[in-house]
Amino acid sequence: MHRSAMYRQSFLWYSVLIVSCIDLSVKANGQVAISMAVTVRNANNETMTYQVEPLANSYAELGEGPHWDGETQNLYYVDITAGKLLRYSYKDDKVYEAKIEGEDLASFIVPVAGTSDTFAVGAGRRVIIVKWDGTSTTAQVEKTLFEVQKNDKRFEGNRFNDGKCDPKGRLFAGTMRYVGDEFEHRWGELYKYEEGGNVELVKTDVGISNGLAWNEKTNKFYYIDTTDFEVKEYDYDLETGKPGIQYLFLFPCNINCKKSSVFFSANPKVVFNLRRDSPKNHLLPDGMTIDSDGNIYVATFNGHTIYKVNPVTGKILMEIKLPCKQITSAAFGGPNLDILYVTTSARGNEPKPAGTTYKVTGLKAKGLPMTKIQI
């Protein structure tokens, strides 16, 4: 069954006019594919059109953690609650997936530097090293790289969530509760792993550790705790891998590392506030990426939208609309780093095409290369 529908709508969103053309396809296997052509006209009457297209057979119930590997021209991402790894091959225009043997969760995936088949993956409160050839339907755990939040019953319902490397290959990954209320029990933490095995505690008092991005030109680090409804900016020392702020204290840690440190900034800058007129209407910021001009792209888990934001002014430059409510994350990829790949979720019985992974073209923006982990 295939049908096309075209309609024109005008909404005033921050002085931007949106005109949409939607193509809806229902395939024989019941999958719903929705493509969108969106024309944006700004206050100066300038127009541009971007395309939103689904990747075929890209479904993940809780798609997350997109990582573009420029060397192999592959997009890697995960289906968190299924414990699966997925790979979209740009060359083949095809998605492959694998279940990690013996694991129920897979929170993020980052390729290991110097390899083509080895990945760091968040699994529960561990980061594991996984072998996958990219085509087999199963992937094998090679070893545990490190584990956090051990020996404390408070953390038994926690798991890793988003994880990403800074431009030097240091892995930053944070935890959250997946049993209970993340807003009430802020027992998540943000950690940093450096080559050689040193693990440091970066931040405590986290509800849902989420989006991460770095601007190497301006020495800034952007971080999202979803339960704060905002994006914060920190100064960042790229040479030391510290968020440019003071050490408050050092203490023996309860993870397999030599020492642990808590970084603290008295004055992080809020660059994007997603609170609305009442708590029930607050938008939930999720994953995040950054372009070569330093603009950040913030996915909203309950908003059908990725917001392109200038973090210097806080101004929303564009609202990128998707046909799914739960937008989880985004990453620039493609040969020219000008395709925005977007993961989504189908949690809570969201209707199709929820869970589809999309590509957005025509944005007239380019991303920054993503970095592999140095272990």
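Here, every reference points to the structure presented above.
Attention here is on the structure that accompanies the text. (Residues numbered from 1 in each chain as written. Predicted model: local features only at pLDDT ≥ 70, side-chain atom pairs only at ≥ 80, totals over all residues. Heavy atoms only, no water.)

With respect to the sheet that holds strand β19 (residues 220-225)
Here is step 1: One open sheet accounts for four strands, arranged β18-β19-β20-β23; its pairing is antiparallel. Sheet topology places β18 (209-215) and β23 (269-273) at the edges, where each strand pairs with a single neighbour. Strand-to-strand twist in this sheet, taken as the mean axis angle between neighbours without regard to direction, amounts to 25 degrees.
Here is step 2: Bridging between strand β20 (residues 230-235) and β23 involves four bridges; their strand directions are antiparallel. Bridging across to β23, Lys-232 finds its partner in Val-270. (Pairing = 2+ DSSP bridges. Helix = DSSP H or I, 4+ residues; strand = E, 2+ residues; numbered from the N terminus. Axes fitted to C-alpha atoms, helices over the stretch in contact; angles between N-to-C directions.)

Remarks on the packing of aromatic side chains
A ring pair, where both rings are aromatic, is described by two values, the distance of the centres and the angle of the planes.
Here is step 1: Taken as a whole, this structure holds 19 aromatic pairs when the rule is applied.
Here is step 2: Judged by centre distance (4.8 Å) and plane angle (55 degrees), the rings of Tyr-76 and Phe-119 are tilted. Here Phe-119 lies in strand β11 (residues 118-123) and Tyr-76 lies in strand β7 (residues 74-79), a separation of 43 residues in the sequence. A single burial state applies to Tyr-76 and to Phe-119, both of which are buried.
Here is step 3: An aromatic cluster is present here, built from Phe-172, Trp-214, Phe-221, Tyr-223, Tyr-234 and Tyr-236 joined pairwise through their rings.
Here is step 4: Here the guanidinium or amino end of Arg-154 rests over the ring plane of Trp-187, the centre of that ring lying 5.8 Å away. (Phe/Tyr/Trp six-rings, centres within 6.5 Å; stacked < 30°, edge-to-face > 60°. Buried < 20%, exposed > 50% of the residue type's maximum accessible area, 1.4 Å probe, protein only. Lys NZ or Arg CZ within 6 Å of the ring centre and 35° of its normal.)

Remarks on the environment of Val-206
Here is step 1: Mapped onto the fold, Val-206 is located in strand β17 (residues 198-206).
Here is step 2: Assessed through its relative accessible area of 0%, Val-206 is described here as buried.
Here is step 3: Here Val-206 is in contact with Thr-175, Arg-186, Trp-187, Gly-188, Glu-189, Leu-190, Tyr-223 and Asp-225, once residues within four sequence places are set aside. (Contact = heavy atoms within 4.5 Å.)

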